Amino acid sequence: MPALPSWLITPLWDQFRALLPDRGAYHPDHPLGCHRRRVADRIVFDKLVQVLVFGCGYRKIADQTCSATTIRDRRDHWIRLGVFATLELLVLQAYDRMVGLELDDLAVDGCITKAPGGGHAAARSPVDRGKQGRKRSTIVETQAIPLGAVAAGANRHDSPLLAPTLDTLQRLGPPPPQPVVHLDAAYDSHTTRDLLRQRGMASQIATKGTPAPIQTTRRWPVERTHAWGNQFKKPAWNTERCGPVIDAFLAFAHAIITLRRLIRCAWTLYRWDTRPHRRP
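Predicted, not measured: the structure shown is a model, and the values here were computed from it.

Basis of the calculations
- Residues numbered from 1 in each chain as written.
- Predicted model: local features only at pLDDT ≥ 70, side-chain atom pairs only at ≥ 80, totals over all residues.
- Heavy atoms only, no water.
- Helix = DSSP H or I, 4+ residues; strand = E, 2+ residues; numbered from the N terminus.
- Rg over C-alpha atoms; globule rule 2.2 N^0.38 Å.
- Buried < 20%, exposed > 50% of the residue type's maximum accessible area, 1.4 Å probe, protein only.
- Contact = heavy atoms within 4.5 Å.
- Lys, Arg positive; Asp, Glu negative; His and termini not counted.
- Charge placed at Lys NZ, Arg CZ, Asp CG, Glu CD.
- Axes fitted to C-alpha atoms, helices over the stretch in contact; angles between N-to-C directions.
- Parallel < 35°, antiparallel > 145°, perpendicular 65-115°, else oblique.
- Nonpolar A, V, L, I, M, F, W, Y, C, P; charged D, E, K, R; others polar.
- Expected span 1.5 Å × (residues − 1).

(A) Spatial organisation of the overall build of the protein chain. A tally of helices and strands in the protein chain yields ten helices and six strands. For the protein chain, the C-alpha radius of gyration of 20 Å lies close to 19 Å, the compact-globule estimate for 280 residues. With the principal axes as the frame, the protein chain shows a C-alpha extent of 70 × 50 × 35 Å. With 280 residues in all, the protein chain has 45% of them scored as buried. The contacts of the protein chain with a sequence gap of at least 6 include a subset with a gap of at least 24, amounting to 65%. Taken as two groups, the 40 positive and 25 negative side-chain charges of the protein chain have centres that lie 6 Å from each other.

The following block contains the structure:
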């Protein structure tokens, strides 16, 4: 059974393939001019999708078509080229053109996940008996489309992560005038309000000491995005230790989430010759 349905993996691979460098079937620098054929990029791409969705180790999915070393080497090469970050940005831009990002209301929140391998952006989790954990601070728009995320240790407070999380919006261009940022009570401080005021943003922050159901805000989209992200087992149970690899898998997961929403919204808004009769 495929890790993702074909109606989602095919357009994702088409865009991913366009970002890869043009490399031949054999290594051009081999002294004898010949060598074993390179493993196809599509095979490695499918393996990385399996790692992202199932959270399994590289040795568990290695077979006669591709070894674990090849998967890791090709992954690191693509990270150095910035393929995963570029893919996430291109999917966001495509969604903005076809459906439209609603940036007037933004929501930011952190989500603590497990990190049994430790490494970068991992620390003692305050909600998991002091085990190694990781926090991802995510910013979303009104329809829960993830706009950016920052990984940090699980013991980091949400408030200091707000500034770097808002910085991820710079790649999308200038924001609308005075967007409203919805936050929970963990951000209830003068420092947070001053930070948002300096950036030309309004704020709607829950008050400490008041029960959450009474403070109905538009913070629910970020909670839904965290639920979508935890469906991918690699971010939810992250065994990676290097910061660039962690960021790459986060960008990969967000690209899939955004593309899935784009295809489903486009099915309603647009018509084309090969449009399926049933909504994907």
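After presenting the structure, the write-up continues.
(B) A look at the packing of helix H4 (residues 68–80) against helix H10 (residues 243–269). Look at H4 against H10: their axes get within 10 Å of each other, and the N-to-C directions meet at 80°. The angle between H4 and H10 places the two elements in the roughly perpendicular class. When H4 is examined against H10, the residues Arg75, Asp76 and Ile79 are found in contact with a partner set consisting of Pro244, Val245, Ala248 and Phe249. Tallied by class, the residues present in the contact of H4 with H10 amount to five nonpolar, no polar and two charged.

(C) A look at helix H5 (residues 83–98). Between its terminal C-alpha atoms H5 stretches 22 Å, which fits the 22 Å expected from 16 residues at 1.5 Å a residue. Looking at H5, one finds that the buried residues are Val83, Phe84, Leu87, Glu88, Val91, Leu92, Ala94 and Tyr95. Along its buried surface, H5 packs onto helix H1 (6–18), helix H2 (41–54), H4, strand S4 (146–153) and H10. At the C-terminal side of H5, Gly100 shows a positive phi close to 110°.

Don't take any of this as a statement about function, it's just geometry.
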